[in-house]
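Fold and contact review
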Amino acid sequence: KAEARVKAAEAKAALATEAEQLAGSSDWKASGERLRTLGDDWKRLPHLDKKTEDELWQRIAAARKRFTERRTTHFGALEEQRNVSKERKEKLITEAESLIGSTEFGPTAGRYKQLMSDWKTAGRAPREVEDELWGRFKAAQDAFFSARNAHFSVQDEELRGNQKIKEDILAEAETIDPSAGVDKAKARLRTLQERWEEAGKVPRDVMRSLEDRMGAVEEKVRSAGETVRQRPA
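Residues numbered from 1 in each chain as written. Predicted model: local features only at pLDDT ≥ 70, side-chain atom pairs only at ≥ 80, totals over all residues. Heavy atoms only, no water.

1. Some thoughts on the overall build of the protein chain
- For the protein chain, the count of helices and strands is seven helices and zero strands.
- Helices and strands in the protein chain line up, N terminus first, as α-α-α-α-α-α-α.
- With the C-alpha coordinates of the protein chain rotated into their principal frame, the extents come out at 140 × 35 × 25 Å.
- When each of the 233 residues of the protein chain is scored for burial, the buried share is 30%.
- Intrachain contacts of the protein chain at a sequence separation of at least 6 include 74% that bridge at least 24 residues.
- Surface summary for the protein chain: the accessible area is close to 15,300 Å², and the carbon and sulfur share equals 52%. (Helix = DSSP H or I, 4+ residues; strand = E, 2+ residues; numbered from the N terminus. Buried < 20%, exposed > 50% of the residue type's maximum accessible area, 1.4 Å probe, protein only. Contact = heavy atoms within 4.5 Å. Areas by Shrake-Rupley, 256 points an atom, 1.4 Å probe, with all protein chains shown as cover.)

Below, the structure is given as structure tokens:
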């Protein structure tokens, strides 16, 4: 019996030591569960003398209390932080929604990029509203970029139409033959140049090649005029 009491005292002291170690843990779920089941292990061990029993149990009780207080403080701070994150994200959503109708596509796209960066650093809002907030933020982004894409699609179609007009003008301009009469060639070129300017802008990827082709026609007519002027009277 004396030996059994010694072993029981050692076992209960080990439980008290384990509880004190768990009191400083931040593994809230696992440590909380172990502190709960630790009491079941205690009950399975033989009783000690009242003084020793009370002292060891008080150590366990104190460890449980400390752990509970730490956990409460942690989750209270976490909840407060999530509420702050919720407020930050709501402000980001308000701005994102206000930008949906903007037609300043370049600057606004840049602002949306910054808003996304701010969103990522804002932290998580309370679980029950996080998905809803993200849905609103993403919907605002999608609405703006869909409108921007539609705008540039229409613009690109217009520019491609202008490209076709200029290609047709070039096809006609490149048939000009100054040898059949320089003045006639110049007059025809001026008419085509006016149509060229009226045709408007073309896509950036073909702009240089079209300008070079028209420039070649203009140089051909100009050179022919220079040659005529330099001929002896």
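That covers the picture; the talk isn't over yet.
2. Quick look at helix α1 (residues 2-22)
- Between its terminal C-alpha atoms α1 stretches 30 Å, which fits the 30 Å expected from 21 residues at 1.5 Å a residue.
- Those residues of α1 not exposed but buried are A8, K12, L15, A16, A19 and L22. Projected down its long axis, α1 carries its buried residues within an arc of 125°, all on one side. What points out from α1, more than 90 degrees from its buried face, is the exposed set E3, K7, E10 and Q21.
- Contact partners of the buried residues in α1: α2 (28-44) and α3 (50-98). (Expected span 1.5 Å × (residues − 1). Arc of directions from axis to C-beta.)

3. A short note on the pattern of salt bridges
- Summed over the entire model, instances satisfying the criterion amount to 21 salt bridges.
- Residues E33 and R36 are paired through a salt bridge, measuring 2.7 Å at the closest nitrogen-oxygen approach. Separated by three residues within a single helix, E33 and R36 lie in helix α2, roughly one turn from each other.
- Residues R195 and E172 are paired through a salt bridge, measuring 3.2 Å at the closest nitrogen-oxygen approach. (Salt bridge = Lys/Arg side-chain N within 4 Å of Asp/Glu carboxyl O.)

4. Some thoughts on the nonpolar core
- A96, Y112, L115, W119, L133 and F137 are the most contacted members of the largest nonpolar core, which has 16 residues in total.
- Looking at this core, the element that brings in the most residues is helix α4 (residues 105-121), giving six residues.
- If we skip the residues at most four places from it in the chain, L115 touches L92, E95, A96, L99 and F137.
- Grouped together as the second largest cluster of nonpolar side chains are 15 residues, A8, L22, L35 and I60 included. (Core = buried A, V, L, I, M, F, W, Y, C linked by side-chain atoms within 4.5 Å.)

5. What about the confidence of the model for the protein chain?
- With 97% of its residues at a pLDDT of 70 or more, the protein chain shows a mean pLDDT of 91.
- Ranking the elements of the protein chain by mean pLDDT puts helix α7 (residues 204-230) last with 87 and α4 first with 95. (pLDDT = per-residue confidence, 0-100.)

6. A few points about the environment of A62
- Mapped onto the elements of the fold, A62 is located in helix α3.
- A62 gets classed as partly exposed once you look at its relative accessible area, which sits at 45%.
- Here the alpha-carbon distance between A62 and A23, two residues 39 residues apart in the chain, equals 8.8 Å.

7. What to know about the layout of surface pockets
- Size it by volume and the largest pocket reaches roughly 250 Å³.
- Lining of the largest pocket is provided by F152, Q155, D156, E158, L159, K201, V202, P203, R204 and M207.
- Contributing elements (two or more residues each) for the lining of the largest pocket: α5 (127-173) and α7.
- With five residues, the single largest contributor to the lining of the largest pocket is α5.
- Looking at the lining of the largest pocket residue by residue, the classes come out as five nonpolar, one polar and four charged. (1 Å grid on protein atoms, 1.4 Å probe; cavity = no way out; pocket = protein on both sides within 12 Å on 5 of 7 lines; lining within 4 Å. Points joined across faces, edges and corners; volume = space filled by probe spheres on them. Nonpolar A, V, L, I, M, F, W, Y, C, P; charged D, E, K, R; others polar.)

8. A short note on the side chain of S102
- Topologically, S102 is positioned in the loop between α3 and α4.
- Within polar-contact distance, the side chain of S102 engages the side chain of T108 at 2.7 Å.
- Aside from chain neighbours lying at most four places away, what touches S102 is T108 and F144. (Polar contact = N/O pair within 3.5 Å; in protein donor to acceptor, adjacent residues only side chain to side chain.)

9. Overview of the packing of α3 against α5
- With their axes 8 Å apart at the nearest point, α3 and α5 run at an angle of 20° to one another. The orientation of α3 with respect to α5, classified from their angle, is roughly parallel. Seen along the crossing, α3 lies across α5 with a hand that is left-handed. Here α3 contributes K86, K89, E90, L92, I93, A96 and E97 to the contact with α5, which in turn contributes V129, E130, L133, R136, F137 and A140.
- Residue composition of the contact of α3 with α5, grouped by class: seven nonpolar, no polar and six charged. (Axes fitted to C-alpha atoms, helices over the stretch in contact; angles between N-to-C directions. Parallel < 35°, antiparallel > 145°, perpendicular 65-115°, else oblique. Left-handed = near helix turned anticlockwise from the far one by under 90°.)

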